[in-house]
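Secondary and tertiary structure notes
Spelled out, the chains give:
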Amino acid sequence: MSMTENIAQAALDAAMKANRAIAPYDYCDAESRRMYTPQFDKKMDNPIYTAAMAGLQSIYWFRAIKVKGLIPDAKADYYATYSTNHNRIGGIGLAYSNSPTGPWTKHGQVYLDTVVGNSTETPFVIWNDEEQLFFMYYQQNGLGINQSTALATSVDMINWTRVGLILDKPPGFPGDGHTGYFSCFRNGGKWIGFSVMGGGDFGRKCIWHSHDGRSWLADPRPLMGGNDATLSAEENISRPNAGVFMYKGSMWWLGMLSAYASGGVTTVARPAIAKISADFRQLLDKPSDIYFPALNWETTNMQSLMVSVMDGVVYVYYNTDHNIGVAYSVGV
Amino acid sequence: MIIRDAAGQIVPFGKVHKQLVADFLYGTLPNWVEVVGTPTFEPLPDRGTITVTTPATAGATAELKMKHLIDSSKVTAIAITLEALQLNGNIGISVQVGIKSKDSKAGITFFHNVNQKYGMVRAYKADGTYTDFKQNMVFFTTQGVAGDEAQNRKNLTVLLCTGLQFSAGFERPSVWLGADDQYGGVAADLSGGLFQHGELQCLLKLTTSKAEAKYFKCAQMKVDIWSN
């Protein structure tokens, strides 16, 4: 190729890249459109963690966060919390790794609430940079009206201080008082979280708002199964068992599509993704399946799906039966 | 069909939106509402509610319904909303929130029969038959279902989209069950003769199955009508 041709080719390549970079969404070809939709790959290997590795009969709500720089002399750069799945006693365990995708090493149980109630499960840990504390929300059976979300705090994620009941059903709200399965995120300075609002197969969900992560206001418009998005009375979208994140200027929901089921029973669920409205109440379109290549240990019994954004990558920790896998966003 | 715009708001069902509201603040019924059963009110300075109680006989009803009828072939959507709906107990009653003709040969209703686990959207036909669509929204807890999943103290909207907001030939009548801006039930496609147009009445109806007085209570009844 001559120098002139090289220059011409370089100019063409630059123009094509520029075109890809400014391709408006939509009015673009299918390949360009993929640039605006998060793409995922997953670790094609054995489970990154299992109930057996944790020494438990079941495992649930495995989710990692980056602790590097937050915990002096940390065991590793990333800590993951998890619990049993609908166990009468419960208990929250910790594992650590120097990579979000593992391998994960068991530390063991770090917390069990024995003050009121039982079944200490579904931990969700978030760093509170204002208080310089890790906040861990979890659900506790027999606490509050029914089975409610409680809070514990820690400086090292190993030694936890119980704060106690933090979310309870306000008067007149629907359901049996179950406010567990809480997950939350920071939206600017605000705290926004999702929980169930009543248990059972057809219980509602709730959006909570807070300025400090301790005092929460329940939006009195409970969330439903999003059947105007799924277009099916049989299938609902997950709320706390999911995550939201910004990708190329749009807010996205990544969660599970599943049958209406509860109580840890075997179900059929699959991961999916859709744009979500700015108030986090509505999916903007029918969710698209994330077609993970199936691994031989995976089943359709997806019990939890937790999202954690670390170092600009969206990690999706999912468990089918008693095994944990991880998927992660990849650039296009 | 419900379709949301790019911001997540529902694309209006028509250019013209009219709304009837009964808020029960003054202990009286507005002139567009009639009642079957014994009504009692909690007017101001209370929060404004109505309670309608059946006689203590099996098969008795308590009803709150629109006096006037709506010709569904002239509108694009009809919705009936009950705010803070509460039922006294989860057994011994059947409940429906309907947009249906008086002879049950046109329109639809959201129906939950006593001791059934699931609610149904029922679409009536002119020949007196109907088609049921099982829904995962329910009025009350029944045996074998954990937790209080009832509509007690909830907002409930039954929305009938006649399909007439679409171009001729693309009508797809549909029914949606929701609360506020959320939807938890759908009988998405009533085309192909499953939906029968008619002069329809919006109503809430409770029927007893035992010789016991039962009631429903709500803080507001609304009827929304869209057209072009």
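Above this text sits the structure in question.
As a convention, each chain's residues are numbered from 1 in the sequence order in which they are written. Each chain is given a letter, starting from A, and each ligand a number, starting from 1, according to the order in which they appear as written. Only residues with pLDDT of at least 70 are given local features in this predicted model, and only at 80 or more are side-chain atom pairs given and counted; all residues enter the totals for whole chains, interfaces and linings. To obtain the side-chain values, all non-hydrogen atoms of the structure were included, while hydrogens and water were left out.

Brief notes about the side chain of Ser304(A)
Note the following rule: Strands here mean DSSP runs of E at least two residues long; helices mean DSSP runs of H or I at least four residues long; both are numbered from the N terminus. In protein, a polar contact requires one atom able to donate a hydrogen and another able to accept it; more generally it is a pair of N or O atoms within 3.5 Å, and residues adjacent in sequence count only if both atoms are side-chain atoms.
Along the chain, Ser304(A) falls in strand β20 (residues 302-310). Reaching out from Ser304(A), the side chain makes a polar contact with the backbone nitrogen of Trp61(A) at a distance of 3.1 Å.

Observations concerning the sheet that holds strand β12 (residues 190-197) of chain A
Residue and element names in this part refer to chain A. Rule in force here: What makes two strands pair is DSSP finding at least two bridges between them. What counts as an axis is a line fitted to C-alpha atoms, over the stretch in contact for a helix, and the angles between N-to-C directions run from 0 to 180 degrees.
Taken together, four strands build an open sheet; the order of strands is β11-β12-β13-β14 and the sheet is antiparallel. Sheet topology places β11 (183-187) and β14 (216-218) at the edges, where each strand pairs with a single neighbour. On average, adjacent strands in this sheet sit at an angle of 30° to one another, irrespective of strand direction. Relative to β14, strand β13 (residues 204-210) runs antiparallel, the two being bridged by three bridges. By the bridge assignment, histidine 209 is partnered in β14 with leucine 217.

Brief notes about the interface of chain B and chain A
Where we set the bar: The contact definition used throughout considers only heavy atoms, calling two residues in contact when any of these lie within 4.5 Å. One side-chain nitrogen of Lys or Arg within 4 Å of one carboxyl oxygen of Asp or Glu is enough to make a salt bridge.
Tallying the contact residues gives 32 residues for chain B and 30 residues for chain A. The interface formed by chain B and chain A includes two salt bridges. Two residues, Asp228(A) and Arg4(B), come together in a salt bridge whose shortest N-O distance is 2.5 Å. The interface formed by chain B and chain A contains 10 residue pairs in polar contact (both at pLDDT 80 or more).

Quick notes on the pattern of salt bridges
Side chains that differ in sign of charge can pair as their charged atoms come close. Taken as a whole, this structure holds 19 salt bridges over all chains when the rule is applied. Via salt bridges that share partners, Asp219(A), Arg221(A), Arg281(A) and Asp181(B) belong to a single interconnected network.

What to know about the environment of Ser73(B)
Residues and elements named next belong to chain B. What counts, and what does not: Whether a residue is buried, partly exposed or exposed follows from its accessible area with a 1.4 Å probe, protein chains only, as a fraction of its type maximum: under 20%, in between, or over 50%, in that order.
With respect to the helices and strands, the residue serine 73 is situated in the loop between β6 (70-71) and β7 (77-87). The exposure class assigned to serine 73 is partly exposed, which follows from its relative accessible area of 35%. Residues serine 73 and glycine 198, spaced 125 residues apart in sequence, show a C-alpha to C-alpha distance of 7.0 Å. What serine 73 contacts, discounting residues up to four positions off in sequence, is Leu164 and His197.

Things to note about unusual backbone geometry
Put simply, Gly102(A) and Pro103(A) share a cis peptide bond, and its omega is 5°. In this chain, Leu44(B) is followed by Pro45(B) through a cis amide linkage whose omega measures 10°. Within the secondary structure, Pro45(B) sits in the loop between β3 (38-42) and β4 (49-53).

Structural notes on the packing of aromatic side chains
The line we're drawing: Between 30 and 60 degrees the pair is tilted, below 30 it is stacked and above 60 it is edge-to-face, where a pair is any two Phe, Tyr or Trp rings, Trp via its six-membered ring, whose centres lie within 6.5 Å. Criterion for a charge above a ring: Arg CZ or Lys NZ at most 6 Å from the ring centre, at most 35 degrees from the ring normal.
Counted according to the given criterion, the structure contains 24 aromatic pairs over all chains. Ring centres 6.2 Å apart and planes at 85° place the aromatic pair Tyr60(A) and Tyr181(A) in the edge-to-face group. Of this pair, Tyr60(A) sits in strand β3 (residues 60-66) while Tyr181(A) sits in the loop between β10 (161-167) and β11; the two residues are 121 residues apart in sequence, bridging distant segments of the chain. Each member of the pair, Tyr60(A) as well as Tyr181(A), carries the same accessibility label: buried. Where Phe185(A) meets Phe280(A), the ring centres are 5.0 Å apart and the plane angle is 75°; that geometry is what we call edge-to-face. With Phe185(A) in strand β11 and Phe280(A) in the loop between β18 (269-275) and β19 (288-289), this residue pair connects regions lying 95 residues apart in the sequence. There is no split in this pair, since Phe185(A) and Phe280(A) are both buried. Following the ring pairs from residue to residue traces out a cluster consisting of Tyr49(A), Phe62(A), Tyr82(A), Trp104(A), Tyr315(A) and Tyr317(A). If you follow Lys248(A) out to its NZ or CZ, it ends over the ring of Tyr36(A), 5.9 Å from the centre. Here the basic side chain of Arg122(B) rests over the ring of Tyr130(B), its NZ or CZ set 3.7 Å away from the ring centre.

Description of the environment of Glu83(B)
Residue and element names in this part refer to chain B. With respect to the secondary-structure elements, glutamate 83 resides in strand β7. For glutamate 83, a relative accessible area of 16% puts it in the buried group. For glutamate 83, the contacting residues outside a window of four places in its chain are Lys154, Asn155, Cys218, Ala219, Gln220 and Lys222.

Quick notes on the side chain of Ser72(B)
By the element assignment, Ser72(B) lies in the loop between β6 and β7. Apart from the residues within four sequence positions on either side, Ser72(B) is in contact with Thr162(B), Leu164(B), Phe195(B), His197(B), Gly198(B) and Leu200(B).

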